[in-house]
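What the coordinates show
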Amino acid sequence: MTVSPVRLNHAVLFVADLERAVHFYTETFGMNLVVRDARVNGAFLRLPRSENHHDLGLFGVPGAGPQSRRSVGLYHLAWQLDTVDELSEFRQTLLEAGAYTGESSHGATKSVYGVDPDGHQFEIMWMLPRDEWGVYESTAVVESLDLATELDTWSGTRTAGDIVHDETSRATPLDRRQ
């Protein structure tokens, strides 16, 4: 039997300017700085609703230039939101940050795209409720995103399930065992 991971736990990126990258991810994504490690010119950040130690590691490589867009390597990271309302808000945040690069519907998921100061591409996505995937269960589509219609249809519908915890409902490890 093959052992399969549960999920991707965190990502680590090389960046040209560590301070600039930390600023981008704390301001644009609302991440919290967990720790800086001067020995490796690194920083570890956590999403506000995460129970991970860190969701993103950043390692500064001074003087490094960005990878060419069509080279072998990581294409993008996808960050999941809990509601389509959050997707709409994040789209505006990306526009204000000058980081927005596009949007699309993949049927079961609705996405906006951006790029960080080092050229790392990312997707911010919301997923339809599992029982609404229908024909998208086994297809891979790229269509125009009609965010207004998605908001009219799905506003308030939470789909990230147990992976999302708000600050008031955080349980300690001891609480979870009881």
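To continue, consider the overall build of the protein chain. Along the backbone of the protein chain there are 4 helices and 8 strands. Written out in order from the N terminus, the α and β elements of the protein chain read β-α-β-β-β-β-α-β-β-β-α-α. C-alpha atoms of the protein chain, sized along the principal axes, occupy 50 × 50 × 40 Å. The long-range share in the protein chain, meaning contacts at least 24 apart out of those at least 6 apart in sequence, stands at 58%. With 15 positive and 26 negative side-chain charges, the protein chain shows a spacing of 7 Å between the two charge centroids.

The 4 strands lie next to each other as β5-β8-β7-β6, forming an open sheet whose pairing is mixed. Looking along the sheet, the strands with just one partner apiece sit at the ends: β5 (76–80) and β6 (100–105). Here the average twist between neighbouring strands, direction ignored, is 20°. Taken together, the 5 bridges between β6 and strand β7 (residues 109–115) define a ladder with antiparallel strand orientation. Each bridged residue has a counterpart across the sheet, and for S104 the counterpart in β7 is S111. Most of the contacts of helix α2 (residues 84–97) go to strand β8 (residues 121–127), to which it runs at about 155°, and overall it touches β6, β7 and β8.

Confidence in the prediction for the protein chain averages 89 pLDDT; 90% of positions are at 70 or higher. Across residues 167–178 the pLDDT falls below 50, and counting only partners more than four positions away or on other chains, this stretch makes 9 contacts in the model.

Another point: the packing of α2 against helix α3 (residues 147–154). The N-to-C vectors of α2 and α3 enclose an angle of 150°; their axes lie 9 Å apart at closest approach. In terms of their interaxial angle, α2 and α3 are classed as roughly antiparallel. Here α2 runs over α3; the crossing is left-handed. On α3, the residues that touch V84, D85, L87, S88 and R91 of α2 are L147, E150, L151 and W154. Of the residues belonging to the contact of α2 with α3, the class tally is 5 nonpolar, 1 polar and 3 charged.

About the cut-offs
- Residues numbered from 1 in each chain as written.
- Predicted model: local features only at pLDDT ≥ 70, side-chain atom pairs only at ≥ 80, totals over all residues.
- Heavy atoms only, no water.
- Helix = DSSP H or I, 4+ residues; strand = E, 2+ residues; numbered from the N terminus.
- Contact = heavy atoms within 4.5 Å.
- Lys, Arg positive; Asp, Glu negative; His and termini not counted.
- Charge placed at Lys NZ, Arg CZ, Asp CG, Glu CD.
- Pairing = 2+ DSSP bridges.
- Axes fitted to C-alpha atoms, helices over the stretch in contact; angles between N-to-C directions.
- pLDDT = per-residue confidence, 0-100.
- Parallel < 35°, antiparallel > 145°, perpendicular 65-115°, else oblique.
- Left-handed = near helix turned anticlockwise from the far one by under 90°.
- Nonpolar A, V, L, I, M, F, W, Y, C, P; charged D, E, K, R; others polar.

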